[in-house]
Amino acid sequence: MFIELLTIIVEDYDRAIEFFTKILGFDLVEDSPSLTNDGRPKRWVTVRPPGGGAGILLARADGERQVAAIGDQVAGRVGFFLRVDDFDAAYERMAAAGVEFVTSPRAEPYGRVVVFLDIAGNRWDLLGPV
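Residues numbered from 1 in each chain as written. Predicted model: local features only at pLDDT ≥ 70, side-chain atom pairs only at ≥ 80, totals over all residues. Heavy atoms only, no water.

**What about the nonpolar core?**
Nonpolar side chains in soluble globular proteins tend to be buried together.
At step 1: Among the nonpolar cores identified, the biggest contains 26 residues, and Phe20, Leu24, Leu58, Phe116, Trp124 and Leu126 are the most heavily contacted of them.
At step 2: Sorting the residues of this core by element identifies strand E1 (5–10), helix H1 (13–23), strand E3 (41–48), strand E4 (55–60), strand E5 (78–83), helix H3 (87–96), strand E7 (111–117) and strand E8 (123–128) as the ones contributing at least two each.
At step 3: Per-element tally for this core: the top contributor is H1, with six residues.
At step 4: With near-sequence residues (within four places) excluded, tryptophan 124 lies in contact with Ile8, Phe20, Phe26, Ile56, Val78, Phe80, Phe81, Leu82, Val114, Val115, Phe116 and Asp118. (Core = buried A, V, L, I, M, F, W, Y, C linked by side-chain atoms within 4.5 Å. Buried < 20%, exposed > 50% of the residue type's maximum accessible area, 1.4 Å probe, protein only. Helix = DSSP H or I, 4+ residues; strand = E, 2+ residues; numbered from the N terminus. Contact = heavy atoms within 4.5 Å.)

**Let's talk about the side chain of asparagine 122**
At step 1: Looking at the element boundaries, asparagine 122 is found in the loop between E7 and E8.
At step 2: Classification of asparagine 122 by relative accessible area gives buried; the value is 1%.
At step 3: In this structure the side chain of asparagine 122 is engaged in a polar contact, spanning 3.4 Å, whose partner is the backbone nitrogen of glutamine 73.
At step 4: The contact partners of asparagine 122, leaving out residues within four places of it in the chain, are Ile8, Gly71, Asp72, Gln73, Phe80, Phe116 and Leu117. (Polar contact = N/O pair within 3.5 Å; in protein donor to acceptor, adjacent residues only side chain to side chain.)

**Let's talk about the pattern of salt bridges**
At step 1: According to the stated counting rule, one finds seven salt bridges in the structure shown.
At step 2: The shortest N-O distance in the salt bridge between arginine 43 and aspartate 14 comes to 2.9 Å. Residue arginine 43 is located in strand E3, and its partner aspartate 14 is located in helix H1; the two are separated by 29 residues in the primary sequence.
At step 3: The exposure class assigned to arginine 43 is partly exposed, which follows from its relative accessible area of 23%.
At step 4: Given the relative accessible area of 47%, aspartate 14 is considered partly exposed.
At step 5: Across the salt bridge formed by aspartate 31 and arginine 43, the nearest N and O atoms sit 2.7 Å from each other. Of this pair, aspartate 31 sits in strand E2 (residues 27–35) while arginine 43 sits in strand E3; the two residues are 12 residues apart in sequence, bridging distant segments of the chain. (Salt bridge = Lys/Arg side-chain N within 4 Å of Asp/Glu carboxyl O.)

**Focus: the pairing of E2**
At step 1: Pairing analysis gives eight bridges linking E2 to E3, with the strands arranged antiparallel. Across the sheet, the residue bridging to serine 34 is lysine 42, located in E3.
At step 2: Two successive antiparallel strands, E2 and E3, enclose a turn made up of five residues, where glycine 39 displays a positive phi of approximately 95°. (Pairing = 2+ DSSP bridges.)

Any link to function would need more than the numbers given here.
See the structure below:
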């Protein structure tokens, strides 16, 4: 058993794809036309970190409730964790690309960590070895 996908609600498919592929370095796994449960057009967009692991379904908000959840999917907590082998290189690359960091890098018993915001405003931990 494994987790295949998690969903992040986004405002715009293309901006989200660009953020996850160009800035975070994820692979675009699928971008296919699809339909909502009531037959309206949408896209099925999934990204995944290189090398595998759980993917992310980038879902464009549909309706007021989903629009309100953009950037607040886990009520302001860090809800997503991206582990990298080279913390300094990833941090510098992301900072140069304009990623918003909401804390300074620090060392914890589990590794180096800094909190950043994704394209939707959700909080992520960037994690690396000590």
